[in-house]
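# Notes for the structure review
This is what each chain is made of:
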Amino acid sequence: MKLMKVNNDRYILDARGGYACPYPQVFTLKAIKDLSSGSVMEVLVDNPASCDNVPAAIRKLGHEVLEVRQEGNCWRIVVRKR
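These numbers were taken from a predicted model, which means no experiment stands behind them.

Per the counting criterion, the structure on display carries 7 salt bridges. Linking glutamate 42 and arginine 10 is a salt bridge whose minimum nitrogen-to-oxygen distance equals 2.7 Å. Taken together, the residues span a long stretch of sequence, with glutamate 42 in strand E3 (residues 40-45) and arginine 10 in strand E2 (residues 10-14) at a distance of 32 residues. A relative accessible area of 10% places glutamate 42 in the buried class. Arginine 10 gets classed as partly exposed once you look at its relative accessible area, which sits at 29%. A salt bridge links glutamate 67 to arginine 69, with the nearest nitrogen and oxygen atoms 2.7 Å apart.

Further remarks concern the nonpolar core. With 17 residues, the main nonpolar core has Met41 and Val79 as its most contacted residues. Of all the secondary structure elements, the ones that give two or more residues to this core are E2, helix H1 (23-33), E3, helix H2 (50-60) and strand E5 (74-80). With residues near it in sequence (within four places) discarded, valine 79 still touches Ile32, Ser39, Val40, Met41, Ile58, Glu64, Val65 and Leu66.

Turning next to H1. Residues Pro24, Phe27, Thr28, Ala31 and Ile32 constitute the buried set of H1. Considered in projection along H1, the buried side chains sweep an arc of 125 degrees and stay on one side of the axis. For H1, the exposed residues lying more than 90 degrees away from the buried face are Lys30 and Lys33. Looking at the packing, one finds that the buried side of H1 touches strand E1 (2-7), E2, E3, H2 and E5.

Turning to the sheet that holds E3, a few remarks are in order. Taken in spatial order, the 5 strands of this open sheet run E1-E2-E3-E5-E4, and their pairing is mixed. Among the strands making up the open sheet, the edge pair consists of E1 and strand E4 (64-71). Between one strand and the next, the sheet's axes are offset by a mean angle of 20 degrees, whatever the strand orientation. Across the sheet, H1 is in contact with E1, E2, E3 and E5; its angle to E3 comes to roughly 165 degrees.

Let's shift gears to H2. In an α-helix, one full turn covers 3.6 residues, which means residues spaced three or four apart are oriented alike. What H2 keeps buried is the set Ser50, Cys51, Val54, Pro55, Ala57 and Ile58. Down the axis of H2, the smallest arc covering the buried residues is 160 degrees, so these residues share one side. Residues of H2 that are exposed and point over 90 degrees away from its buried face: Asp52, Arg59 and Lys60. Looking at the packing, one finds that the buried side of H2 touches H1, E3, E4 and E5. Of the residues one or two after H2, glycine 62 is the one with positive phi, at around 90 degrees.

Conventions used here
- Residues numbered from 1 in each chain as written.
- Predicted model: local features only at pLDDT ≥ 70, side-chain atom pairs only at ≥ 80, totals over all residues.
- Heavy atoms only, no water.
- Salt bridge = Lys/Arg side-chain N within 4 Å of Asp/Glu carboxyl O.
- Helix = DSSP H or I, 4+ residues; strand = E, 2+ residues; numbered from the N terminus.
- Buried < 20%, exposed > 50% of the residue type's maximum accessible area, 1.4 Å probe, protein only.
- Core = buried A, V, L, I, M, F, W, Y, C linked by side-chain atoms within 4.5 Å.
- Contact = heavy atoms within 4.5 Å.
- Arc of directions from axis to C-beta.
- Pairing = 2+ DSSP bridges.
- Axes fitted to C-alpha atoms, helices over the stretch in contact; angles between N-to-C directions.

Given below as structure tokens:
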């Protein structure tokens, strides 16, 4: 798992590499805690179940899911911290 800062309020969390749920979800929730309000994080996953579990966990905490899209064999989940 690697969190990279793209600019002041945009990040990419790479949770690819065969991590099965709940790990991508746990990594995402841990990373979003450290971001400032309004920051956008793109979460990259390669586990199909994460496409449902990560957005559900983000919404449950009141954050916004901006997009979920498949890109080849992985998915990009874009979220904004409340």
